[in-house]
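Now for the letters of each chain:
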Amino acid sequence: MRMITAALVAALVPATAMAKDTPPPADAMKLSEVISALEERVGDELSHIDEIDWDEDGYWEIEYVRTDGAQVEVKIDPTTGDARN
């Protein structure tokens, strides 16, 4: 299920993300890699990814829902895949 979600998100999001004025840097990880890293980090607590957006500050903003229903928003560095607090 997660792989299907990641594939759908990866297919749909880049077009909207690239429409903004400031695209991800040339050395950025593929969005699919960023999503995979998030899935590994969150593990079984991940229910689904709700939204992904490219932030003008140079980060991927990812909103996801945990299995307990909590909504989480995290900013991810596009070159390292690390979460920004």
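Being a predicted model, the structure only gives us computed values, none of them experimental.

Moving on, we come to the sheet that holds strand β4 (residues 83-84). Sheet architecture is open: 4 strands sit in the order β1-β2-β3-β4, paired in antiparallel fashion. Of all strands in the sheet, those with a lone pairing partner are β1 (46-55) and β4, marking the two edges.

This part is about helix α2 (residues 31-42). Along its 12 residues, α2 runs 17 Å from first to last C-alpha, staying within 8% of the 16 Å computed at 1.5 Å per residue. Of all the positions in α2, only L31, V34, I35, L38, E39 and V42 are classed as buried. Down the axis of α2, the buried set is contained in an arc of 140 degrees. They therefore lie on one face. G43 sits one or two positions beyond α2 and adopts a positive phi of about 70 degrees.

Reading the values: the criteria
- Residues numbered from 1 in each chain as written.
- Predicted model: local features only at pLDDT ≥ 70, side-chain atom pairs only at ≥ 80, totals over all residues.
- Heavy atoms only, no water.
- Pairing = 2+ DSSP bridges.
- Helix = DSSP H or I, 4+ residues; strand = E, 2+ residues; numbered from the N terminus.
- Expected span 1.5 Å × (residues − 1).
- Buried < 20%, exposed > 50% of the residue type's maximum accessible area, 1.4 Å probe, protein only.
- Arc of directions from axis to C-beta.

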